[in-house]
Every structure is written in structure tokens, then in C-alpha cells.
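Chains, contacts and geometry: an overview
Spelled out, the chains give:
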Amino acid sequence: MPPVPAAPPPSVPNSPLTRFLTHPGAWWHHLGHDAAHLARAVLPVVMPILGVLVALVVLAALVRLPARLRGPAAGQLVEVAVPAAVEAKAALGFWRNLHSVLSGTGRRLGRPGHVAFEIESAAHGLGLRFWVSSGVSAHAVARAVSSAWPGAQCQVRDAEVRGLLGPVTAVGELRLGAPVWLPLGTDHVVDPLRTVLGALPDWGGTERAVVQVAVRPAAGRSIRMLARAARSLQTGRPMALLPRLLAAWRSAPARPSPHDPMRSADVRHAVAKASDLPTFEVAVRFGLSSSERGRHARRRLRARARELSAAFGVYAGRNHLVVRRQPGCRRRIERRVLGRGEVLGLSEVAALVHLPVDGQAPGLRQARAAAVAPPAEVLAAIQAARGERSEDDDAAV
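Here the structure is a predicted model, which means the values were calculated and not measured.

1. Comments concerning the overall build of the protein chain
- Of regular secondary structure, the protein chain possesses 12 helices and nine strands.
- When contacts within the protein chain are restricted to residue pairs at least 6 apart in sequence, those whose partners lie at least 24 apart make up 84%.
- Carbon together with sulfur atoms contributes 61% to the accessible area of the protein chain, which is approximately 23,500 Å² in total.

Encoded structure:
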């Protein structure tokens, strides 16, 4: 009887898990050897790069340190007295004019100068003013205000080097709650500033409040970003670079998404915002302070801050404003710095920053009647009467 051949031994897979289970000591030895070899090859390249990055971070911190220690920023104030009649749509022309003023002058590190519209509620009443950065002509801003709102009176003076807020404060910054390419609500039946002014503390009390909207022209990349977002919503292709590269490497073409009515609405809103030119970068902040101290004063300020932030809900549309209590917000309010703002179109900025249409708000500074020269016919009649009187006096003599 021939011998039966023995069965071949089972094949053992050559995988890292198998090698670890069969020879764990050798596996750890090889792993340490490979890690040491990798470190010897990578560390000479990585360590200089890390050193350069650490040096850049330290240098950036040292450069920003004097700005943090510096007091309120220099500039000029344009105090505005509201006329008796304010046209609601005049803010569109004002910001078109001011965009040219800001874009042409006051560039600092490649960025144009900016202005800050402020509403201050204090013991002396409600004050409206524009703070103008040092590189921008304050008189040009004053002329733009007078041209957009006839009857408005502007007074230009140097900005006071003092804090806008007291020791006990509640501050916040309003940011967009939805993607930046979706617009705020601008179709208001009544003036939206009526709600904001109504949420400010009583100007005869001990509280003090400042609503600040810092504005500068947007950079070209922000405008291109809005256009890319509109095309991305229309075509369904991703807007970020890495998802676009991954989509380009796919062998099969992307299947078209089914019709979505909400996407169609978002496309219309994004196209409307991308074409709402000129475009601005905006930072909206508010701060409240009290001369009193203690837990009760802090609670009252927090309640006032919630009321004031809720008042900006009147601007809610496809996008809305949400409050962010970020560190350093008080310093940014007092120094009137802009930093990185939200990208808004012309209509959105005009809805945020304009003179109150309801000019009869309590405590609001009203413009006095302007002195107007008499018509030329009246002047001619007066001159003729004076000439006749002088002739009669000569004849009597």
C-alpha cells in the first residue's frame, strides 16, 4: 500500500499582526529600529522648519505686543447732528461715496483706512459720530454726510484719548450666524435703528452704552470668494481647494444632485450679494458700562447686553447676527480696531449704518436751522432802497 502523502502545512499570512503574535519581542525590536531610522532621516529636515515656525510665532507676538499696550488709536471724530427730515435710501449714496474716499487714501500694510460709526448713550444724551482713522480725511467724511443727508451738521475734532467704557462692563461682538455669502435682511418696513436705539439704556441713568460698527472696503479676494460661492451653489461643486482636488481625481463624473428649491433660493441670495457692489468688511460690537459696582450692577449690565444683542435680530434674513463674547473685545472697542471683519454688501452696510429716520428719538442731538442767504432779488431790492435813501439825504443837504 503506497504511503499517503502528508498534508501541506497551513500557510501563515505574513502580516504585521501575525508577526506580532508569533514573535512579539522581535516585532518590538524591529519597530524601534525602524522608528530610529525614520527619526535619523526626518529630524534633520523637520527641526529647522520647526525652529523657523517657532521664531515666526515669537516675532509675531513681539510685533503685536506694542499694539496691545498702546492706548486708544489716534484719529478724528465727526460728530453728527441729525436733521429734521432723513431720507431712508440716502445711505446707499453715502457709502458709495465713502468707499471711494476710503479706497484712495489711508492704506496701511496694504489695507485701506476705515471708519467706525458709533452710537453712544451717556448722561448727556444720545450721540452719533464717525471715528475716522488717521490716514483718511475727516472733512471728506463730513462732506459725504452733509451731501447724503442735507441739513445734517457735522463737527470735526480730534478724538479724545480716553476709554469709552467704565470699570464694570459687558461687551460683545456680533458675527454672521450663517455662511458669509448669505445676506442679512435689508427690506425693512420701518427704520431698524429704532429697535437698536430703544434697547440702549436710559441716557439719564448711570449706565453708558456704545454701539460700534467699523467699516472698510473689502479686499479683492473677498469679492472673488462671494462669486465662487455663488458658482459652487449653482453647480454643486465644492468651493474649498482640497475637496476640489479630490473631486478632480475621481474617475467617475459626479452625479447631478436632484432639484432642491432651498438651494435655488440660496443661489439667488448668493448672486444678489456678490453683485451688491461695492463690498465692505464690517465688525459690529457693543459695550455697556456702569458707574456702580457690585453683583447687582453686573447682573443689570448682562441683562442690558442680552436686550441689546436681541435688538439686532431685526436684521435677520437669510443670514443673521449672533453675539460672540471674545477675549479682547473691550480693547478693540476702545481702540476702534477692525481686524478681520465680516464681508457685507452695500445694501447690508446701508441698513446697518445710517442716520435714524426717526429723528425725534429722546436725547438725540438735533441739527439747528441753517443760516441761508436771502435770494438775489431781495438783495437787489435792499441795495436799491439804500441807494434811493442816500440820494434823498444828499438832496436834503
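That was the structure; now back to the text.
2. Comments concerning unusual backbone geometry
- Of note, the amide linkage connecting Leu277 to Pro278 takes the cis form, showing an omega dihedral of 0°.
- In this fold, Pro278 is placed in the loop between α8 (261-274) and β7 (280-290).

3. Topic: the packing of aromatic side chains
- For the structure on display, the rule yields six aromatic pairs.
- With a centroid separation of 5.2 Å and an interplanar angle of 45°, the aromatic rings of Phe94 and Trp149 are classed as tilted. One end of the pair, Phe94, is in helix α3 (residues 90-104); the other, Trp149, is in the loop between α4 (138-148) and β4 (153-158), and 55 residues separate them in sequence. Of the two residues, Phe94 and Trp149, neither departs from the other in class, the shared state being buried.
- Between the aromatic rings of Trp95 and Phe280, the centroid separation amounts to 5.6 Å while the plane-to-plane angle is 70°, which identifies the pairing as edge-to-face. A residue pair is termed long-range when its members are at least 10 positions apart, and Trp95 in helix α3 and Phe280 in strand β7 qualify at 185 residues. Taken as a pair, Trp95 and Phe280 share a single burial class, namely buried.
- Each member of the aromatic cluster is reached from another via a ring pair, and the members are Phe94, Trp95, Phe117, Phe130, Trp149 and Phe280.

4. Remarks on α4
- Looking at α4, one finds that the buried residues are Ala138, Ala140, Val141, Ala142, Ala144, Val145 and Ala148.
- Where α4 is buried, its residues touch β1 (75-81), α3, β2 (115-122), β3 (125-133) and β4.

5. Comments concerning the nonpolar core
- Grouped together as the largest cluster of nonpolar side chains are 67 residues, with contacts concentrated most on Phe94, Trp95, Phe130, Trp149, Val282, Leu308 and Phe312.
- With residues near it in sequence (within four places) discarded, Leu308 still touches Val196, Ala199, Leu200, Val211, Phe286 and Leu288.
- In this structure, Leu77, Trp131, Ala214 and Ala283 belong to the second largest nonpolar core, which totals seven residues.

6. Let's talk about the pattern of salt bridges
- Taken as a whole and assessed by the stated rule, the structure comprises 13 salt bridges.
- Salt bridges sharing common partners tie together Glu118, Glu120, Arg129, Arg208 and Arg336.

7. A closer look at the pairing of strand β6 (residues 207-217)
- Of all 11 residues in β6, 10 are buried; the element is thus mostly enclosed.
- Judged from the seven bridges that link them, β2 and β6 form a sheet pairing that is antiparallel. Residue Glu118 lies in a different strand from β6, and its bridge partner there is Gln212.
- Looking at chain direction, β6 and β7 are connected through 11 bridges and run antiparallel.

8. Comments concerning the packing of α3 against α4
- Remark: α3 packs on α4, axes separated minimally by 9 Å, with the N-to-C direction vectors making an angle of 160°. Comparing their axes, α4 and α3 come out roughly antiparallel. In the crossing of α3 with α4, the sense of the turn from one axis to the other is right-handed. Within the contact between the two elements, α3 uses Ala90, Phe94, Asn97, Leu98 and Val101 and α4 uses Ala140, Val141, Ala144, Val145 and Ala148.
- Counted by class, the contact of α3 with α4 contains nine nonpolar, one polar and no charged residues.

9. A word on the pairing of β3
- With nine of nine residues buried, β3 is to be regarded as a mostly interior element.
- Two elements, β1 and β3, share six bridges in a ladder whose sense is antiparallel. Paired with Gly75 across the bridge in β3 is Ser133.
- Here β2 runs beside β3; their pairing, made up of eight bridges, is antiparallel. Among the inter-strand pairings, Ala122 is bridged to a residue of β3, identified as Gly125.
- Hairpin connection between β2 and β3: a loop of two residues separates the two successive antiparallel strands.

10. With respect to helix α6 (residues 220-235)
- With 16 residues, α6 ought to run about 22 Å at 1.5 Å a step, and its terminal C-alpha atoms sit 23 Å apart, in line with that.
- Listed in full, the buried residues belonging to α6 are Ser222, Met225, Leu226, Ala229, Ala230, Ser232 and Leu233. The buried residues of α6 occupy an angular sector of 165° when projected down its axis, which confines them to one face. Turned more than 90 degrees away from the buried face of α6 sit Arg221, Arg224, Arg231 and Gln234, all of them exposed.

11. Considerations on the side chain of Lys273
- With respect to the element layout, Lys273 can be found in helix α8.
- Here Lys273 falls in the buried class, since its relative accessible area comes to 2%.
- Polar side-chain contacts of Lys273 include one of 2.9 Å to the backbone oxygen of Val343.
- Beyond its immediate chain neighbours, meaning those up to four positions away, Lys273 contacts Leu176, Val180, Trp181, Leu182, Pro183, Leu226, Val343, Leu344, Gly345 and Glu348.

Reading the values: rules and limits
Residues numbered from 1 in each chain as written. Predicted model: local features only at pLDDT ≥ 70, side-chain atom pairs only at ≥ 80, totals over all residues. Heavy atoms only, no water. Helix = DSSP H or I, 4+ residues; strand = E, 2+ residues; numbered from the N terminus. Contact = heavy atoms within 4.5 Å. Areas by Shrake-Rupley, 256 points an atom, 1.4 Å probe, with all protein chains shown as cover. Phe/Tyr/Trp six-rings, centres within 6.5 Å; stacked < 30°, edge-to-face > 60°. Buried < 20%, exposed > 50% of the residue type's maximum accessible area, 1.4 Å probe, protein only. Core = buried A, V, L, I, M, F, W, Y, C linked by side-chain atoms within 4.5 Å. Salt bridge = Lys/Arg side-chain N within 4 Å of Asp/Glu carboxyl O. Pairing = 2+ DSSP bridges. Axes fitted to C-alpha atoms, helices over the stretch in contact; angles between N-to-C directions. Parallel < 35°, antiparallel > 145°, perpendicular 65-115°, else oblique. Left-handed = near helix turned anticlockwise from the far one by under 90°. Nonpolar A, V, L, I, M, F, W, Y, C, P; charged D, E, K, R; others polar. Expected span 1.5 Å × (residues − 1). Arc of directions from axis to C-beta. Polar contact = N/O pair within 3.5 Å; in protein donor to acceptor, adjacent residues only side chain to side chain.

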